[in-house]
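Examining the three-dimensional arrangement
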Amino acid sequence: MNAVLENIYTRRSVRSYKPDPVPEELLEEIVKAGLYAPSAMNGQSWHLTVLTGDAVERFHKFSAEKAGRNAYYGAPAIILVFADKKAAWGSRDGSLALGNMMLAAHSLGLGTCWINIINHIFDGEDADALAAEWGIPAGYAPIGSIEVGYAAEPPRDAAPRREGTVNWIRA
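First, a word on scope: everything that follows refers to the structure included in this document. None of these values were measured; they are calculated from a predicted model.

Remarks on the sheet that holds strand 4 (residues 140-149)
An order of 1-2-4-3 is seen for the four strands of this open sheet, with the pairing classed as antiparallel. Looking at which strands have only one partner, the edges of the open sheet turn out to be strand 1 (46-52) and strand 3 (111-115). Across the sheet, the axes of successive neighbouring strands diverge by a mean angle of 20°, strand direction being ignored. Examined bridge by bridge, strand 3 and strand 4 share five bridges and lie antiparallel to one another. Of the residues in strand 4, the one forming a bridge with Cys 113 is Glu 147. Sheet contacts for helix 2 (residues 24-35): strand 1, strand 2 (77-84) and strand 4; angle to strand 1, the most-contacted strand, approximately 165°.

Observations regarding a nonpolar patch on the surface
A surface patch of nonpolar side chains, amounting to about 530 Å² of accessible area, comprises Met 1, Val 4, Leu 5, Ile 8 and Tyr 9. With respect to the element layout, Tyr 9 can be found in helix 1 (residues 3-10). Using a relative accessible area of 46% as the deciding quantity, one classes Tyr 9 as partly exposed.

Quick look at unusual backbone geometry
Positive phi is not limited to glycine here, since Met 41 has a value of about 50°. Structurally, the position occupied by Met 41 is in the loop between helix 2 and strand 1. In this structure, Asn 42 takes a positive phi of about 55° despite not being glycine. Tracing the backbone through its elements, the reader meets Asn 42 in the loop between helix 2 and strand 1.

What to know about the nonpolar core
The tendency in soluble globular proteins is for nonpolar side chains to be buried side by side. Judged by nonpolar contacts, the single largest core of 22 residues is most densely connected at Leu 51, Phe 59, Tyr 72, Leu 80 and Phe 122. Grouped together as the second largest cluster of nonpolar side chains are 17 residues, Val 22, Val 81, Met 101 and Ile 143 included.

A closer look at the environment of Thr 49
Mapped onto the fold, Thr 49 is located in strand 1. Residues within four places of Thr 49 in sequence aside, it is in contact with Ile 78, Ile 79, Leu 80, Trp 134 and Ile 136. Engagement of the side chain of Thr 49 in a polar contact is seen with the side chain of His 47, the distance being 3.5 Å.

What to know about the packing of aromatic side chains
The full count for this structure, using the stated rule, is three aromatic pairs. Both rings, one in Phe 59 and one in Tyr 72, keep their centres 5.6 Å apart while their planes meet at 70°; by these two values the pair is edge-to-face. Here Phe 59 is found in helix 3 (residues 54-67), whereas its partner Tyr 72 is found in the loop between helix 3 and strand 2, with 13 residues between them in sequence. Here Phe 59 matches Tyr 72 in class, with each residue buried. The interplanar angle of 85° and the centroid separation of 5.4 Å between the aromatic rings of Phe 59 and Trp 134 together place this pair among those described as edge-to-face. Note that Phe 59 is positioned in helix 3 and Trp 134 in the loop between helix 6 (127-133) and strand 4, a separation of 75 residues in sequence. Accessibility expressed as a relative area gives 0% for Phe 59, which makes it buried. Cluster of aromatic residues (ring-pair linked, three or more members): Phe 59, Tyr 72 and Trp 134.

Focus: helix 4 (residues 90-107)
The end-to-end C-alpha distance of helix 4 is 26 Å, a good match for the 26 Å that 18 residues give at a rise of 1.5 Å each. When we look at burial in helix 4, the residues that qualify are Gly 90, Asp 93, Gly 94, Ala 97, Leu 98, Met 101, Met 102, Ala 104 and Ala 105. Those residues of helix 4 hidden inside the fold are in contact with helix 2, strand 1, strand 2, strand 3 and strand 4. Gly 109, located one to two residues past helix 4, shows a positive phi value of around 85°.

Calculation notes
Residue positions are given per chain, counted from 1 along the sequence in the order it is written. Thresholds applied to this predicted model are a pLDDT of at least 70 for local features of residues and 80 or more for the giving and counting of side-chain atom pairs; totals over whole chains, interfaces and linings are not thresholded and use all residues. To obtain the side-chain values, all non-hydrogen atoms of the structure were used and water was disregarded. At least two bridges found by DSSP between two strands is the condition for calling them paired. Helix and strand assignments follow DSSP, with helices taken as H or I runs no shorter than four residues and strands as E runs no shorter than two, numbered in order from the N terminus. Axis angles are defined between N-to-C directions and span 0 to 180 degrees, where every axis is a line fitted to C-alpha atoms and, for a helix, only to the segment in contact. Only heavy atoms enter the contact rule, under which two residues are in contact if any of them lie within 4.5 Å. Each patch is built from residues that are more than 30% exposed by relative accessible area and take part in no salt bridge. Like charges join if they lie within 9 Å; nonpolar side chains (Val, Leu, Ile, Met, Phe, Trp, Tyr) join within 5 Å. Note on areas: Shrake-Rupley with a 1.4 Å probe; residue coverage comes only from the protein chains shown. Basic side-chain nitrogens of Lys or Arg form a salt bridge, by our definition, when they fall within 4 Å of a carboxyl oxygen of Asp or Glu. Burial here depends on accessible area, computed with a 1.4 Å probe over protein chains only, as a share of the maximum for the residue type. Under 20% is buried, over 50% is exposed, and the range in between is partly exposed. Throughout this description, the term nonpolar core refers to a set of buried Ala, Val, Leu, Ile, Met, Phe, Trp, Tyr and Cys residues connected via side-chain atoms within 4.5 Å. Residues adjacent in sequence count toward polar contacts only when both atoms are side-chain atoms; beyond that, a polar contact is any pair of N or O atoms within 3.5 Å, and within protein one must be able to donate a hydrogen and the other to accept it. Side-chain rings of Phe, Tyr and Trp (the six-membered ring for Trp) are treated as a pair once their centres are within 6.5 Å; stacked means planes under 30 degrees apart, edge-to-face means over 60, and tilted covers the remaining angles. To estimate how far a helix should reach, multiply one less than its number of residues by 1.5 Å.

All we've got here are geometric facts, nothing functional implied.
Structure, rendered in structure tokens:
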């Protein structure tokens, strides 16, 4: 089978991670894959923030305080994705970047899980101050985040695909 298709078909969300840190070279490759995602009119409207080491623990504590719970599963790295609020299709650009990074991580033997709680964390009156504290440029909105690490257990098999979700129209 084609390696790209196999990577797509076998990627799963991981919710239990080993504590081993992810080598920076691998994180750089993952981020690069995100930066090469398609974007509307090649606008590349995203901004990525990579958290490792103590920054991950600080973010876990902060997310628990701000959102009322910690939705992360203990991975040693987190990548936050934001998009320019002025970009007409920024949320789609950021979503494509997230997808590319998840597939890249899987191809490198790492697990990921898309976490949407940053939409609650970077919300409200203090959102701009918080974004500035974490190095996110002004005028950027949260899209999502992924955690990255080595899976603590083998992933489950894919759930069956839902039926009736594709129409074919042939001339």
